[in-house]
Amino acid sequence: MLAARDWRSAGSFLRSVSDPDDRAFYLNVCGSVKGVQDWADEWIAAEPGSTLPLLVKGAHGIRWAWEARGAATADQTSDQQFREFHRRLKMAEDCLDEVVERDPDDVAAWSFLVVSARGRQVGREEALRRFHAATSRHPGHLHTHAQMLQWLCAKWFGSEEEMFAFARRTVADAPPGSPLGRLVAEAHLEKWLSLDRGEDDEYMARPDVRAELRAAADRSVRHPAYRRRPGWPEDHNVFACAFVLAGDHVAARERFEALGDLVTETPWRYLGDPGGICARMRQIAYA
């Protein structure tokens, strides 16, 4: 719909989605559509009383900003890339700020402001304010928690200790069957990425890491209360990746069988081409 500039149909669909987690998923889909920035203002002008087109423009603008920056490290990113990154990110935040000013209970807008908090390099107090604004309205919001975990990584503004404490506390507080269990797996994957070759595999193979991954899966994707909601394949892909790296091939095969042939960018893009990497990891699990 958005790819065809049919914002009327897209708006009608998004208004029909009431669950905050589902809404965040579909807004992320909107964020991945090319060219939204070229016509989003037309939608905003056509519906001045609605915050939805501003929300879509803001969510898309964050993804558009990171496209300008690229995936390289800061020392390999040009000044021009950084300038364009910050220009696009400010545009996105301006839209999202207007949404929460007009509708303070919009969980999705607060959630995407947690994403932009990293790029805008806001202080800890402000990042937490945005996080609590979202989670006080929807405590188990997956997108918000996943983004706050990123903010707390050592590569951004936190530390390894803060990252793991946040992930473990979140999972402990979540109801059985919650997709939030994947935060523990994501924290271990972040740790794996930070280590030198050789040390990374030794870390993932540790018995305590394997045990914690299994316990998190037991409370999440392997729990009878777990329900498949929009975006559910990513939960299983995260655990599948972590289990393969940990050498727990039995647990990895369970996730691959649950997935079928559904591959998501996260987490495989951290290792290379998602499709190719996932296929190779699947072969390893079934060897």
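Everything that follows concerns the structure shown earlier in this document.
Owing to the predicted nature of the structure, the values given are computational and were not obtained by experimental measurement.

Some thoughts on helix H1 (residues 7-16)
Along an α-helix, a turn takes 3.6 residues, which lines up residues three or four apart on a common side.
In step 1: Within the sequence span of H1, burial applies to Trp7, Ala10, Gly11 and Leu14. Looking straight down H1, one finds that the buried residues subtend no more than 100° of arc, so they occupy a single side. Exposed residues lying more than 90 degrees from the buried face of H1 are Arg8 and Ser16.
In step 2: In the core, the buried residues of H1 are packed alongside helix H2 (20-31), helix H3 (40-46) and helix H4 (52-69).

Let's talk about unusual backbone geometry
In step 1: With an omega of 5°, the peptide bond between Thr266 and Pro267 qualifies as cis.
In step 2: Despite not being glycine, Arg5 shows a phi value in the positive range, around 65°.
In step 3: Turning to its location among the elements, Arg5 is positioned in the segment before H1.
In step 4: Since its relative accessible area comes to 48%, Arg5 is described here as partly exposed.

A look at the pattern of salt bridges
In step 1: Per the counting criterion, the structure on display carries 27 salt bridges.
In step 2: Across the pair Arg222 and Asp218 runs a salt bridge whose closest N-O atoms are separated by 2.8 Å.
In step 3: The exposure class assigned to Arg222 is partly exposed, which follows from its relative accessible area of 22%.
In step 4: Exposure remark for Asp218: the relative accessible area of 40% places this residue in the partly exposed category.
In step 5: When salt bridges with common partners are traced through the structure, they connect Glu93, Arg120, Glu126, Arg129 and Arg130 into a single cluster.

A word on a negative patch on the surface
In step 1: A cluster of like negative charges, contributed by Asp196, Glu199, Asp201 and Glu202, occupies part of the molecular surface.
In step 2: Within the secondary structure, Asp196 is located in the loop between helix H10 (182-194) and helix H11 (199-204).
In step 3: On the basis of relative accessibility, which here comes to 53%, the residue Asp196 falls in the exposed class.

Re the nonpolar core
Soluble globular proteins tend to pack their nonpolar side chains together in the buried interior.
In step 1: Counting 51 residues, the largest nonpolar core has Met148, Met204, Leu213, Phe256 and Trp268 as the members making the most contacts within it.
In step 2: With 9 residues, the single largest contributor to this core is helix H13 (residues 232-245).
In step 3: Beyond its immediate chain neighbours, meaning those up to four positions away, Met204 contacts His188, Leu189, Trp192, Val209, Arg210, Leu213, Ala242, Leu245 and Ala246.
In step 4: Within the second largest apolar cluster, 36 residues are counted, among which are Ala10, Leu27, Val56 and Ile62.

What counts, and where the lines are drawn
Residues numbered from 1 in each chain as written. Predicted model: local features only at pLDDT ≥ 70, side-chain atom pairs only at ≥ 80, totals over all residues. Heavy atoms only, no water. Buried < 20%, exposed > 50% of the residue type's maximum accessible area, 1.4 Å probe, protein only. Helix = DSSP H or I, 4+ residues; strand = E, 2+ residues; numbered from the N terminus. Arc of directions from axis to C-beta. Contact = heavy atoms within 4.5 Å. Salt bridge = Lys/Arg side-chain N within 4 Å of Asp/Glu carboxyl O. Patch = residues over 30% accessible without salt bridge, like charges linked within 9 Å, V, L, I, M, F, W, Y side chains within 5 Å. Areas by Shrake-Rupley, 256 points an atom, 1.4 Å probe, with all protein chains shown as cover. Lys, Arg positive; Asp, Glu negative; His and termini not counted. Charge placed at Lys NZ, Arg CZ, Asp CG, Glu CD. Core = buried A, V, L, I, M, F, W, Y, C linked by side-chain atoms within 4.5 Å.

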